[in-house]
Amino acid sequence: MRTTVPRTVRLLTALGLLAAGCGSVTASEEESEPAPHTRPRALKVARAWDGSPAAETWREGYYPMGDPVQLPEGAFHNDADKEAYDTRNFVLRGELPRTPQKNAKVTWQDGDSLTLPLMGARAAYEKLGGSNAPGPRLTVTGAKLGETTLATSRGPATVPAWLFTIRGYDTPLKRVALSSAKPPKSPIGPFEYPSSELWDLDRLVEVSADGRSLTVLAHHGACDDGPGVDVLETEGSVVLSAYFVGTKDGPCTLQLLSKKVTVALDRPLGDRTLLDAFTGSPVRGTE
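What counts as what
Residues numbered from 1 in each chain as written. Predicted model: local features only at pLDDT ≥ 70, side-chain atom pairs only at ≥ 80, totals over all residues. Heavy atoms only, no water. Core = buried A, V, L, I, M, F, W, Y, C linked by side-chain atoms within 4.5 Å. Buried < 20%, exposed > 50% of the residue type's maximum accessible area, 1.4 Å probe, protein only. Helix = DSSP H or I, 4+ residues; strand = E, 2+ residues; numbered from the N terminus. Contact = heavy atoms within 4.5 Å. Arc of directions from axis to C-beta. Polar contact = N/O pair within 3.5 Å; in protein donor to acceptor, adjacent residues only side chain to side chain. Pairing = 2+ DSSP bridges. Salt bridge = Lys/Arg side-chain N within 4 Å of Asp/Glu carboxyl O.

Enquirer: Just to check I follow, could you spell out the nonpolar core for this structure?
Expert: The tendency in soluble globular proteins is for nonpolar side chains to be buried side by side. Formed by 22 residues in total, the largest nonpolar core has its most connected members in Phe90, Phe164, Ile166 and Leu173. Elements supplying a minimum of two residues to this core: helix H4 (79–86), strand E3 (90–92), helix H5 (121–128), strand E6 (138–152) and strand E7 (155–166). Of the residues forming this core, the biggest block, four residues, is contributed by H5. Beyond its immediate chain neighbours, meaning those up to four positions away, Leu173 contacts Val69, Gln70, Leu71, Pro72, Tyr85, Phe90, Leu128, Trp162, Leu163, Phe164 and Ile166. Ranked by size, the runner-up nonpolar core spans 20 residues in total, among them Tyr63, Leu204, Leu214 and Leu240.

Here it is as structure tokens:
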């Protein structure tokens, strides 16, 4: 659950405060080094989740951690194609297949699997955008059902995907053919109020192939030096704490900006729950 405090109010509060510290920290609860300013809240979140029914539900379900869209090799050929993708401007010039198949299987590396409702090709195409608006467009000429690998809350999984043929590209654009499940209710509420010393994350961007680094989109304002993200690792969870770094002198505009931040882990994420210290909930993915 995300905080209900209006963004304008949150930013007004944050812009008047200084952030303490910067960079990424990977540490365990047992370390003797002084904890950063975010550590007390991160520990509360980890203790609430580790061993909880919510954590068990998270580990038993299908919760994607990676982007459900995987681009063709060599994408993009030019700025126009990139603009078309960024604006989700697709046009269909061909037939999309229908399939009598109602369900599909997700399979993890340890052999566990789940059978879930399959998303049809038309629904997957609409998830891509399919706006057919003025300006640069990517042309879809067909699709077929296949598979891909996706980072999930239980580690990498083989999932069904629609493979869309894009005019001008030799390999398909893949779109995962499943919908995300609703996350379990968090056993801990959100932090009482945002400040530059603790802010909610925007979303998860990517989990590296080896699971040892995470890229997130973190908020910051126009009057600071950007976002920082601290990391707390336990046996059952990884808690990310986002904050603003520094302040800038002079006039500034009231804005809530976002920037990618990559953090390193001591060991692969695996099936540990990835949590936002501010919201007290799993870090939301692309969808």
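Enquirer: Hey, could you run me through H4 in this one?
Expert: Within the span of H4, buried status applies to Asp81, Ala84 and Tyr85. Seen from one end, H4 has its buried residues packed into an arc of 95°, which puts them on one side. Check the buried side of H4 and you find it contacts strand E2 (69–70), E3, E6 and strand E8 (173–176). A distance of 3.2 Å separates the backbone nitrogen of Ala80 from a side-chain oxygen at the start of H4, and that oxygen is part of Asn78. Positive backbone phi, at 55°, marks Arg88, one or two positions downstream of H4.

Enquirer: Please clarify how the pairing of strand E5 (residues 113–117) should be interpreted in this entry.
Expert: Across a regular strand the side chains alternate sides, sitting on one face of the sheet and then on the other. Pairing analysis gives five bridges linking strand E4 (residues 103–108) to E5, with the strands arranged antiparallel. Bridging across to E5, Thr107 finds its partner in Ser113. Between E4 and E5, which pair antiparallel and follow one another directly, the connecting turn spans four residues, one of which, Gly111, has a positive phi of 95°.

Enquirer: Quick question: what am I supposed to make of the pattern of salt bridges here?
Expert: Should their charged atoms come close, side chains of opposite charge can pair. The final tally for this structure, using the stated rule, is five salt bridges. For Arg154, the salt bridge goes to Asp112, with nearest N and O atoms at 3.4 Å. Taken together, the residues Arg154 in the loop between E6 and E7 and Asp112 in the loop between E4 and E5 connect sequence positions 42 residues apart. For Asp112, a relative accessible area of 37% puts it in the partly exposed group. Linking Arg284 and Asp202 is a salt bridge whose minimum nitrogen-to-oxygen distance equals 3.1 Å.

Enquirer: Just checking my understanding: could you explain the side chain of Thr139 for this structure?
Expert: Position of Thr139 among the secondary structure elements: in strand E6. Overall, Thr139 belongs to the buried group, its relative accessible area being 13%.

Enquirer: Just checking my understanding: could you explain the pairing of E8 for this structure?
Expert: Of the strand pairs in this sheet, E2 and E8 are connected by two bridges, and their pairing is antiparallel. Opposite Val69, over in E8, you have Arg175 as the bridge partner. Pairing between E7 and E8: four bridges, direction antiparallel. Its bridge partner lying in E8, Leu163 is registered against Lys174. Counting the residues between successive antiparallel strands, the hairpin from E7 to E8 contains six residues, one of them, Gly168, with a positive phi of roughly 95°.

Function cannot be inferred from these measures alone, as they are strictly geometric.
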